[in-house]
Structures are given as C-alpha cells and as structure tokens.
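Inside the fold
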Amino acid sequence: MYTSCRLCARGCGIDRTSGSVGYCKMTDKIFLARADLHMWEEPPISGTRGSGTVFFSGCSLGCIYCQNRDISRGAVGYSVSERELSETFLALRDKGAHNINLVTATHYAPSVIKAVRAAREKGLSVPIVYNTGSYDTPETVKALSDTVNVWLPDLKYSRPGTAAAYSFAEDYPSVARRAIDEMVALAPTPIFDADGIMTSGVIVRILLLPGHLAEAKLNLKYLYDKYKNGIYLSLMSQYTPLSGLPAPLHRRVTSAEYSELVGYAERLGVVNAFVQERDSAREDYIPPFRTDT
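Residues numbered from 1 in each chain as written. Predicted model: local features only at pLDDT ≥ 70, side-chain atom pairs only at ≥ 80, totals over all residues. Heavy atoms only, no water.

**Looking at the environment of V275**
Take V275: it is sitting in strand β10 (residues 273–275). Sequence separation of V275 and V202 is 73 residues, and the distance between their C-alpha atoms is 16 Å. Excluding residues that lie within four positions of it along the chain, V275 makes contacts with L235, Y258 and V262. (Helix = DSSP H or I, 4+ residues; strand = E, 2+ residues; numbered from the N terminus. Contact = heavy atoms within 4.5 Å.)

**Concerning the packing of aromatic side chains**
Under the definition given, this model contains nine aromatic pairs. Plain terms: the ring middles of Y65 and Y166 are 6.2 Å apart, the flat faces sit at 90° to each other, and that makes the pair edge-to-face. Here the residue Y65 occupies a position in the loop between β2 (51–56) and α2 (69–72), and Y166 occupies one in helix α6 (residues 160–167), the gap between them amounting to 101 residues. Neither residue differs from the other here; Y65 and Y166 are each classed as buried. An angle of 15° between the planes, with centres 6.3 Å apart, marks the rings of Y135 and Y172 as stacked. Pair noted here: Y135 is in the loop between β5 (128–132) and α5 (138–143) and Y172 is in helix α7 (residues 172–186), with a separation of 37 residues, a long-range link. Comparing Y135 with Y172, the two get one shared label, buried. Feature note: the residues Y65, Y135, Y157, Y166, Y172 and Y239 constitute an aromatic cluster, connected by ring pairs. Over the face of the ring belonging to Y23 we find R10, whose NZ or CZ atom lies 3.8 Å from the ring centre. (Phe/Tyr/Trp six-rings, centres within 6.5 Å; stacked < 30°, edge-to-face > 60°. Buried < 20%, exposed > 50% of the residue type's maximum accessible area, 1.4 Å probe, protein only. Lys NZ or Arg CZ within 6 Å of the ring centre and 35° of its normal.)

**Some details on unusual backbone geometry**
The linkage connecting A247 with the following residue, P248, adopts the cis geometry, with an omega of 0°. Of note, P248 is situated in the loop between β9 (232–236) and α9 (255–268). If you check the backbone angles, F168 has positive phi at about 55° while not being a glycine. For F168, a relative accessible area of 46% corresponds to the partly exposed category. Even without being a glycine, K228 presents a positive backbone phi close to 50°. Following the sequence through the fold, K228 ends up in the loop between α8 (213–227) and β9.

**Some words on the pairing of strand β8 (residues 198–207)**
Counting buried positions along β8 gives eight out of 10 residues, so the element sits mostly inside the fold. Pairing of strand β6 (residues 150–153) with β8 involves two bridges; the strand directions are parallel. Looking across to β8, one finds that V150 is bridged to G201. Inspection of the sheet shows strand β7 (residues 191–192) paired to β8 by two bridges, in the antiparallel sense. If you follow I191 over to β8, its bridge partner there is S200. Once β7 ends, the chain turns through five residues before running back antiparallel as β8, passing G196 with a positive phi of about 80°. In terms of strand pairing, β8 meets β9 through five bridges, oriented parallel. By the bridge assignment for β9, V204 is matched with L233. Once the chain exits β8 it traverses α8 before rejoining the sheet at β9, and the crossover so formed is right-handed. (Pairing = 2+ DSSP bridges. Right-handed = clockwise from strand over helix to strand, strands pointing away.)

**What to know about the confidence of the model for the chain**
On average, residues of the chain score 94 in pLDDT, and 94% of them are at 70 or above. Within the model, pLDDT remains below 50 along residues 281–287, and this stretch shows 16 contacts once partners closer than five positions in the same chain are excluded. Within the model, the stretch residues 289–293 combines pLDDT values under 50 with 15 contacts to residues more than four positions away or in other chains. (pLDDT = per-residue confidence, 0-100.)

What follows is the structure in structure tokens.
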C-alpha cells in the first residue's frame with residue numbers, strides 16, 4: 001500500500017518506500033510527534049485517566065489554520081519502527097490509558113494495522129480510537145475495520161470553495177461524507193463500558209470556524225438528518241487563531257456564534273452531543289511535540 005500510495009483521497013500514487021514523499025510529506029518510515037495521556041478529548045474518550053494519544057507526523061490536508069502545523073507539515077517528529085509503535089501502545093495502556101487514540105494516522109494505516117495486531121497479541125485490550133480529519137478513502141476505512149473500535153472524524157466543511165481555500169481540497173465535503181458513512185456502517189451503535197468510556201461507535205467533530213456559522217449549521221443538519229442520534233456530535237468552540245491568517249480566521253469564534261450553533265442543534269432535536277467551554281480556545285491546550293530521534 002506504500003509502493004503506490006492511495007491511502008488518502010489525494011491519491012498521489014507515490015512509491016513512499018523509495019524515499020519519496022506524497023502530499024502528506026512522509027515516506028513509509030513512521031514518525032511520531034507525541035505519545036502520552038491526553039485529558040482534553042470528549043468525556044467518553046479521555047475519561048478520568050486520559051486517552052493514550054499518539055500524534056503522527058504529516059497530514060493529507062494541511063489546513064492553513066492547523067494548531068498542530070509543525071507536525072502536520074512534517075517539520076517535527078521522531079522515528080519509530082512498527083515494533084516500537086506497538087510497544088508505545090502497550091506503554092500507554094500501562095500508564096492507565098482508557099484507549100489508544102491515533103491522531104492523523106491515515107498515511108500510516110498499514111503500519112498501524114500491524115502494530116495494533118502485535119500489541120493485541122501481547123494483551124492490549126483497550127479500544128482503538130481513530131482521530132481523523134476525514135480525508136480518508138472508503139477503502140482505507142474498510143482496511144481498518146478489524147483494527148479500529150471508535151471513530152472520531154471531523155466534518156470540516158460543507159462547501160467546496162471553503163475546503164479549497166482552507167485545506168486545498170475542493171472535494172473534501174463529498175470525500176468526508178463517504179468516509180463517515182463507512183465508519184457509521186462499521187460501528188452503527190454507540191457502546192460504553194461501566195466507566196462511561198466509548199468502546200464502539202462514532203463521534204463526529206464540527207469545529208466552528210469564525211465567520212462560518214452557516215456552514216457549521218449545514219454540516220450539523222446533514223449529520224442529524226442522516227444519522228439522527230445514532231452517532232454522537234462534538235460541537236467545538238476551541239478554534240485558536242495563529243499568526244498570519246486572513247480574515248475571518250484571524251479572530252476567535254464569538255460567544256454569539258457558538259451559542260447559535262448549540263441552540264440550532266437543540267432545535268433540530270440533537271440529544272447526543274458534547275459542547276465546549278469558551279476557555280478551550282487557548283494555545284495552552286496545544287501539546288508540546290518532540291523533535292528528537
């Protein structure tokens with residue numbers, strides 16, 4: 001799958017085993033930027049002990065407002081083998097992680113499948129969470145069907161023009177909808193353990209961007225009309241503007257914008273949803289990443 005890579009919807013076809021890189025800026029060598037307990041995911045993901053979050057370097061989207069731009073553009077990271085990745089999962093479990101949370105792992109899907117299988121052979125039993133921007137092909141999602149238990153996708157845009165301007169991916173709305181549809185087919189019923197941790201199901205994140213309330217509403221309505229309360233939604237106000245961004249991305253989301261989005265969800269009849277406090281939009285919540293090997 002790395003020799004003619006089409007793991008994401010870019011479909012580069014690059015032979016990443018030769019040392020060449022695709023749009024994700026990664027070869028087939030695994031690079032991580034961070035692996036640690038993370039307390040700031042949704043409640044059934046982080047729980048009381050934290051989510052065992054593994055940040056992979058590189059990304060198939062490269063959104064201009066990305067809070068993790070250093071890792072999404074491949075600027076930081078440390079190399080691990082598949083065996084070491086498997087050991088990382090086990091180490092996070094030993095630290096008390098409720099789950100293993102794979103952040104932006106699409107371009108490493110074949111290695112992830114092997115590493116999870118090896119960890120399970122050594123006793124890993126916590127759920128695997130797939131935390132993705134949703135620029136995934138249905139084929140890649142299906143390939144992960146025996147690996148992933150909980151799907152945590154974004155639905156970033158409903159309009160091709162916005163997707164092109166902010167993520168250089170005009171086809172993102174249709175690609176993401178197909179990917180999410182496949183995820184829901186694989187985990188159609190939310191299941192929780194005795195501690196309230198999700199062990200199977202789908203949580204779709206809608207990050208409200210400043211000046212884009214109407215588009216967030218369109219995404220919300222699409223998801224509710226199609227899946228009702230068979231999935232969970234996460235309405236996110238945490239957008240943090242970084243330097244050099246054009247208007248309206250140069251500012252935070254206003255209280256009025258976010259309140260309107262939450263109110264719209266209530267009017268639609270959404271029950272299974274998570275909301276955020278205003279103080280989540282701070283750079284304090286951006287974790288430090290490793291650059292050493």
